[in-house]
Amino acid sequence: MDALLAVSEVRLSFGGLQALDGPSLQVRDGEVVGLIGPNGAGKTSLFNCIGGLYRPQSGSIRIAGREVAGLPRHRIAALGVGRTFQNIGLLASQTVLANVLAGAHHVAAGGWWATALGLPSVARSERDHRERAMALLAELDLADVAGRMVGTLPFGTLKRVELARALMGEPRLLLVDEPANGLVHGEVLELGATLRRLATERGAAILLVEHHMGLVTSVCDRVVVLDFGRVIAEGEPHEVARDPRVVAAYLGTAA
């Protein structure tokens, strides 16, 4: 099976700092791949290249066979790429439902003129999106807070709201950046079950950046390890955890 996401020898530098030094990886439909490494290893930089926030100096990023390196974010999103962020970017003064509906902006029907004229296609699209948003909120156990302002909710709930927003665009590829950060043990377990279900039942390809190794080992099919912008190991989670290069990267060569 061809990979939905294929990253090949991507290089990115900021002045004299080499953030990415040629990492390559693949993610297939229905697969959860963990992207791990110590702080500063280049994980978020690679996410930002895939999602269109950064433009790499060289290398290839293909989604469903199409080169996307350097494309603007909205065009990459339109190809079926959704993302959550390490630092939550929800609108605190809006309701949960409004925030989730914002995730469908690039698949909305009609355009500016259709909206201004109030054409029936726009009304149908808005109705369909609202129904889909409510279904997602129910799936993620958020239906009872749909009308609540985001700024009044606890952090663990906000993580699920952000995931619902990312899913509104019906992504084939989901980039999930440190979702377990700030969650308690029970919330991490629920999150892991949700990610696994998205991959198994929806066939989503998921690339997961995470420091919580319990979550990584429980949900990931494979793990790719970055250090100083390079891939130093790849394989099944338990194998990678025993790799001497990975131990050295996290704990120092003395370990």
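Values in this document were obtained by computation on a predicted structure and should not be read as measured data.

**Brief notes about the overall build of the protein chain**
From N to C terminus, the protein chain includes 10 helices and 11 strands. If one aligns the C-alpha atoms of the protein chain with their principal axes, the spans along those axes are about 65 × 40 × 35 Å. Within the protein chain, the proportion of its 255 residues that are buried is 47%. Contacts spanning at least 24 positions in sequence make up 68% of the contacts within the protein chain whose residues lie at least 6 apart. Roughly 12,300 Å² of accessible area belongs to the protein chain as shown, and the carbon and sulfur atoms make up 53% of that amount. For the protein chain, the separation between the mean place of its 25 positive charges and that of its 26 negative charges on side chains is 6 Å.

**Topic: the pattern of salt bridges**
A complete count under the given rule lists 13 salt bridges for this structure. A salt bridge links Asp21 to Arg11; the nearest nitrogen and oxygen atoms lie 3.5 Å apart. Of this pair, Asp21 sits in strand 2 (residues 17-21) while Arg11 sits in strand 1 (residues 5-14), and the two are 10 residues apart along the sequence. By relative accessible area, Asp21 is classed as partly exposed at 22%. The exposure class of Arg11 is partly exposed, given its relative accessible area of 34%. With a closest N to O distance of 3.8 Å, Arg197 and Glu139 form a salt bridge. Separated by 58 residues along the polypeptide, Arg197 in helix 7 (residues 185-202) and Glu139 in helix 5 (residues 120-139) bring together distant segments of the chain. Taking the relative accessible area as the measure of exposure, Glu139 reaches 31% and is therefore partly exposed.

**Comments concerning the packing of aromatic side chains**
Each aromatic ring pair is characterised by the separation of its centres together with the angle its planes make. A complete count under the given rule lists one aromatic pair for this structure. Aromatic side chains Phe14 and Tyr54 sit 5.3 Å apart centroid to centroid with 75 degrees between the ring planes, which places their arrangement in the edge-to-face category. Placement of Phe14 in strand 1 and of Tyr54 in the loop between helix 1 (43-51) and strand 5 (58-63) is noted, with a sequence separation of 40 residues between them. The class of Tyr54 is partly exposed, set by a relative accessible area of 30%.

**Here we look at helix 1**
Taking burial as the measure, the nine residues of helix 1 include eight buried ones, the bulk of the element. By the burial criterion, the buried members of helix 1 are Lys43, Ser45, Leu46, Phe47, Asn48, Cys49, Ile50 and Gly51.

**Considerations on the domain arrangement of the protein chain**
Along its sequence, the protein chain is carved into domain 1 (1-80 + 171-255) and domain 2 (96-168). Contact residues are listed per partner, giving 14 residues for domain 1 and 11 residues for domain 2. Together, the buried faces of domain 1 and domain 2 total about 1,100 Å²; carbon and sulfur atoms form 61% of this surface. On the surface where domain 1 and domain 2 come into contact, there are two salt bridges. Secondary-structure elements contributing two or more residues to the side of domain 1 that touches domain 2 are helix 2 (73-78) and helix 7. When its residues are assigned to classes, the side of domain 1 that touches domain 2 shows seven nonpolar, three polar and four charged.

**Let's talk about the side chain of Arg222**
Among the secondary structure elements, Arg222 is positioned in strand 10 (residues 222-227). Within the structure, the side chain of Arg222 is placed 2.8 Å from the side chain of Glu31, a separation counted as a polar contact. At 2.5 Å, the side chain of Arg222 and the side chain of Glu234 are in polar contact. Residues in contact with Arg222, not counting those within four places in the same chain, are Gln26, Val27, Arg28, Glu31, Val32, Val33, Gly34, Glu234 and Gly235.

**What to know about helix 6 (residues 155-167)**
With 13 residues, helix 6 extends 19 Å from end C-alpha to end C-alpha; this agrees with the ideal 18 Å at 1.5 Å per step. Counted residue by residue, helix 6 has 11 buried out of 13 residues, so it is predominantly covered. Within helix 6 the residues assigned to the buried category are Gly156, Thr157, Leu158, Lys159, Val161, Glu162, Leu163, Ala164, Arg165, Ala166 and Leu167.

**Quick word on the side chain of Ser60**
Locating Ser60 in the fold gives a position in strand 5. Judged by its relative accessible area of 18%, Ser60 falls in the buried class. Here Glu67 takes part through its side chain, which lies 2.6 Å from a polar atom of the side chain of Ser60.

Rules and cut-offs
- Residues numbered from 1 in each chain as written.
- Predicted model: local features only at pLDDT ≥ 70, side-chain atom pairs only at ≥ 80, totals over all residues.
- Heavy atoms only, no water.
- Helix = DSSP H or I, 4+ residues; strand = E, 2+ residues; numbered from the N terminus.
- Buried < 20%, exposed > 50% of the residue type's maximum accessible area, 1.4 Å probe, protein only.
- Contact = heavy atoms within 4.5 Å.
- Areas by Shrake-Rupley, 256 points an atom, 1.4 Å probe, with all protein chains shown as cover.
- Lys, Arg positive; Asp, Glu negative; His and termini not counted.
- Charge placed at Lys NZ, Arg CZ, Asp CG, Glu CD.
- Salt bridge = Lys/Arg side-chain N within 4 Å of Asp/Glu carboxyl O.
- Phe/Tyr/Trp six-rings, centres within 6.5 Å; stacked < 30°, edge-to-face > 60°.
- Domains from an automatic or database assignment.
- Buried area = accessible area lost by both parts, 1.4 Å probe.
- Nonpolar A, V, L, I, M, F, W, Y, C, P; charged D, E, K, R; others polar.
- Polar contact = N/O pair within 3.5 Å; in protein donor to acceptor, adjacent residues only side chain to side chain.
- Expected span 1.5 Å × (residues − 1).

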